Amino acid sequence: MQQRASGASTRIHYAGEGFLIDSHAHLAMFPEPERRAALERAGEAGVHAVLVPATGREDLELVAELAGLHEGRVFAAIGFHPHEAATCDAAWKRRVERLLESPGVVAVGEIGLDYHYDLSAREDQRAVFAWQLGLARERGMPVVLHHREAWEDFLAALDAVPGVRGVAHSFTEGEGGVIEVTGRGLFVGISGMVTFPRGDNVREAAKAVPTGRLLVETDSPYLAPVPHRGKRNEPAYVRLVAETVARVRELAVEALEAETDAAFRGLFLAAP
Ligand SMILES: [Zn+2]
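Here's what I pulled together on the structure shown here. Everything numeric here is computed off the predicted structure, so don't read it as measured data.

**Looking at the overall build of the chain**
- The number of helices and strands found in the chain is nine helices and eight strands.
- What you see for the chain is a C-alpha radius of gyration of 17 Å, in line with the 19 Å of a compact globule of 272 residues.
- With respect to the three principal axes, the spread of C-alpha positions in the chain is 45 × 40 × 35 Å.
- The buried share among the 272 residues of the chain stands at 56%.
- Considering only intrachain contacts with a sequence separation of at least 6, the fraction spanning at least 24 residues in the chain is 74%.
- Entry remark: accessible area of the chain is about 11200 Å², with carbon and sulfur atoms responsible for 50%.

What follows is the structure, given as structure tokens:
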């Protein structure tokens, strides 16, 4: 198994511990100067780090650049989202491989299957997902996983590449789904949907995740939590997600922050 030659993952820890982290925010989708302002507000809200996943040709370079620009505060995942799978040709694959070497790039993502929108042919989605899972295993890097209405194929793809570490982000599958993914060694990301009146499935998932396997996220600019629904989401609001998850898990917010921070470091910042 090829290890990352640079050892970059051990050099980029943020200082201190027990902090609130937004484990999934598409900051590349924010225009400037709103991006910088959103990062400042995150800092003021006590959000110490943000993981920014790429989605494809439009944002790969920018996502890698943001991690280099905000060292120790912004971390990046590089990959092709299932919506963009059809555009991931050999030249783009080489670019993904190259960008995975950039400073602050800690994961392959956002990758997976989306049969709800079917924006790329399912065949292309499965092929590009499988290629990226293999790439992650070969590099010893974790993955950021997206799945929607593709549950059986999603699990089958994971089972075909045993040993891959990662997070199933913005999880909505309830307790049974939590057992399936954590049983495969994965982490579970809970988004602002946990605050929605009709988010019982997400609250059920948030409660069911075993200690040490939980992450919180905003999925900015989407899925703004209550009371910001319908507006652009931003990393500062991960505090609202954390507060709701803490209530569901009957924990103090500080305990939840410590738990999710440790999980984030273990998954994304520890040497493989
Ligand atoms: Zn996403």
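What follows continues from the structure just given.
**Side note on the layout of surface pockets**
- Volume-wise, the largest pocket comes out at about 700 Å³.
- Taken together, 26 residues line the largest pocket, and the ones lying closest to its centre are His146, Arg148, Ser170, Asp219 and Leu223.
- The set of elements that each furnish at least two residues to the lining of the largest pocket consists of strand S4 (105-114), strand S5 (143-148) and helix H7 (200-208).
- The dominant element in the lining of the largest pocket, judged by the number of residues it contributes, is S5, at three residues.
- For the lining of the largest pocket, a count of residues per class yields seven nonpolar, eleven polar and eight charged.

**Observations regarding the nonpolar core**
- Of all hydrophobic cores here, the largest spans 72 residues; its most connected members are Ile78, Phe129, Leu133, Leu145, Ile190 and Val245.
- Apart from residues lying up to four places away in sequence, phenylalanine 129 is in contact with Ile111, Gly112, Leu113, Leu145, Phe154, Ala157 and Leu158.
- In this structure, Ala49, Phe75, Ala263 and Phe264 belong to the second largest nonpolar core, which totals 16 residues.

**Some thoughts on the coordination of the zinc ion**
- Ligation of the zinc ion by protein atoms is provided by His24 (NE2), His26 (NE2) and Glu110 (OE), these donors lying 2.1 Å from the ion.
- Sequence positions of the donors to the zinc ion reduce to the motif H-x1-H-x83-E. With histidine 26 in the loop between strand S1 (20-22) and helix H1 (34-44) and glutamate 110 in strand S4, this pair connects stretches of sequence that are 84 residues apart.
- A residue is classified by how much of its surface remains accessible, and histidine 26, at 3% relative accessible area, is buried.

**A few points about the packing of helix H2 (residues 60-69) against helix H3 (residues 90-99)**
- Close contact between H2 and H3 brings their axes to 11 Å; oriented N to C, the two are set at 5°. Considered as vectors, H2 and H3 are oriented roughly parallel to each other. Contact with H2, carried on its side by Leu60, Glu61 and Ala64, involves Trp92, Arg95, Val96, Arg98 and Leu99 of H3 and no other residues of that element.

**So, the pattern of salt bridges**
- Considering all chains together, one arrives at 14 salt bridges under this definition.
- In this structure, arginine 35 engages glutamate 32 in a salt bridge whose closest nitrogen and oxygen atoms are separated by 3.5 Å.
- For glutamate 32, a relative accessible area of 43% puts it in the partly exposed group.
- One network of salt bridges, in which partners are shared, links Glu61, Arg95 and Arg98.

**What about H7?**
- For H7, the set of buried residues is Val202, Arg203, Ala205 and Ala206. One side of H7 carries all its buried residues, which in axial view fall inside an arc of 160°. Exposed side of H7, more than 90 degrees from the buried face: Asp200 and Lys207 are the residues found there.
- Buried residues in H7 make contact with helix H6 (174-183), strand S7 (187-190) and helix H8 (238-248).

**Thoughts on the pairing of S7**
- The side-chain alternation of S7 yields two buried faces, one formed by Phe187 and Gly189 and the other by Val188 and Ile190.
- Examined bridge by bridge, strand S6 (residues 166-168) and S7 share two bridges and lie parallel to one another. Each bridged residue has a counterpart across the sheet, and for alanine 168 the counterpart in S7 is valine 188.
- Taken together, S6, H6 and S7 constitute a β-α-β crossover, and its handedness is right-handed.
- One ladder, built from three bridges, connects S7 with strand S8 (residues 214-216); its direction is parallel. Along S8, the bridge assignment pairs isoleucine 190 with valine 216.
- What joins S7 to S8 is H7, and the crossover it makes is right-handed.

What counts as what
Residues numbered from 1 in each chain as written. Predicted model: local features only at pLDDT ≥ 70, side-chain atom pairs only at ≥ 80, totals over all residues. Heavy atoms only, no water. Helix = DSSP H or I, 4+ residues; strand = E, 2+ residues; numbered from the N terminus. Rg over C-alpha atoms; globule rule 2.2 N^0.38 Å. Buried < 20%, exposed > 50% of the residue type's maximum accessible area, 1.4 Å probe, protein only. Contact = heavy atoms within 4.5 Å. Areas by Shrake-Rupley, 256 points an atom, 1.4 Å probe, with all protein chains shown as cover. 1 Å grid on protein atoms, 1.4 Å probe; cavity = no way out; pocket = protein on both sides within 12 Å on 5 of 7 lines; lining within 4 Å. Points joined across faces, edges and corners; volume = space filled by probe spheres on them. Nonpolar A, V, L, I, M, F, W, Y, C, P; charged D, E, K, R; others polar. Core = buried A, V, L, I, M, F, W, Y, C linked by side-chain atoms within 4.5 Å. Donors = N, O, S within 2.8 Å, 3.2 Å for Na, K, Ca; no water. Axes fitted to C-alpha atoms, helices over the stretch in contact; angles between N-to-C directions. Parallel < 35°, antiparallel > 145°, perpendicular 65-115°, else oblique. Salt bridge = Lys/Arg side-chain N within 4 Å of Asp/Glu carboxyl O. Arc of directions from axis to C-beta. Pairing = 2+ DSSP bridges. Right-handed = clockwise from strand over helix to strand, strands pointing away.

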